[in-house]
Amino acid sequence: MTPPALPRIAIRYCTGCRWMLRAAWMAQELLTTFEKDVGEVALQPGSGGVFTVHVDGVQIWDRAADGGFPDIKLLKQRVRDRIAPERHLGHSDHSAADSGQ
């Protein structure tokens, strides 16, 4: 039996806005955090101010609809919720309320 394919994350970014470095940094963060849980993180050039993140075709972030760029902590939580909901992300799961701030 073939094991199930690992999830694919796609980050679509606007080339005209010069958001490739931001997209690449987020891809690196996701690959580091989910190195055994994802099959790939793809960077997809786009236009028109686009910045979206999809996990297996399901949109989890849209810059226009969600009001800007995701904080990396929030992005990791949304990815985790799609691919490994039982997984704890360590410090990325703690809020300011958890630390008494």
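Remember, it's a predicted structure, so these values are computed and weren't measured experimentally.

Novice: Just give me the short version of the nonpolar core, but keep the residues and values in it.
Specialist: Membership of the largest hydrophobic core comes to 24 residues, with the highest contact counts inside it found for Ile-9, Ile-11, Phe-51, Val-53, Leu-75 and Val-79. Beyond its immediate sequence surroundings of up to four residues, Phe-51 is in contact with Ile-11, Arg-12, Tyr-13, Trp-19, Arg-22, Ala-23, Met-26, Trp-61, Asp-62, Arg-63, Phe-69 and Pro-70.

Novice: Residue-level account of the confidence of the model for the protein chain, with values.
Specialist: For the protein chain, mean pLDDT is 91; residues scoring 70 or higher make up 89% of the total. Every residue in residues 96-101 is under pLDDT 50, and counting partners more than four places away or in other chains gives two contacts.

Novice: Summarise unusual backbone geometry; cite the residues concerned and give the values.
Specialist: Of note, Arg-18 is a non-glycine position whose phi angle comes to about 65°, a positive value. The class for Arg-18 is exposed, based on a relative accessible area of 71%. Although it is not a glycine, Asp-56 sits at a positive phi angle of roughly 50°. Locating Asp-56 in the fold gives a position in the loop between strand E3 (51-55) and strand E4 (58-62).

Novice: Which residues make up the pattern of salt bridges, and what values do they have?
Specialist: With the rule as written, the count across this model stands at six salt bridges. Between Lys-36 and Glu-35 there is a salt bridge; the shortest N-O distance is 3.5 Å. Given the relative accessible area of 54%, Glu-35 is considered exposed. The closest approach of N and O atoms between Arg-80 and Asp-81, which form a salt bridge, is 2.8 Å. For Arg-80, a relative accessible area of 10% translates into the label buried.

The rules we used
Residues numbered from 1 in each chain as written. Predicted model: local features only at pLDDT ≥ 70, side-chain atom pairs only at ≥ 80, totals over all residues. Heavy atoms only, no water. Core = buried A, V, L, I, M, F, W, Y, C linked by side-chain atoms within 4.5 Å. Buried < 20%, exposed > 50% of the residue type's maximum accessible area, 1.4 Å probe, protein only. Contact = heavy atoms within 4.5 Å. pLDDT = per-residue confidence, 0-100. Helix = DSSP H or I, 4+ residues; strand = E, 2+ residues; numbered from the N terminus. Salt bridge = Lys/Arg side-chain N within 4 Å of Asp/Glu carboxyl O.

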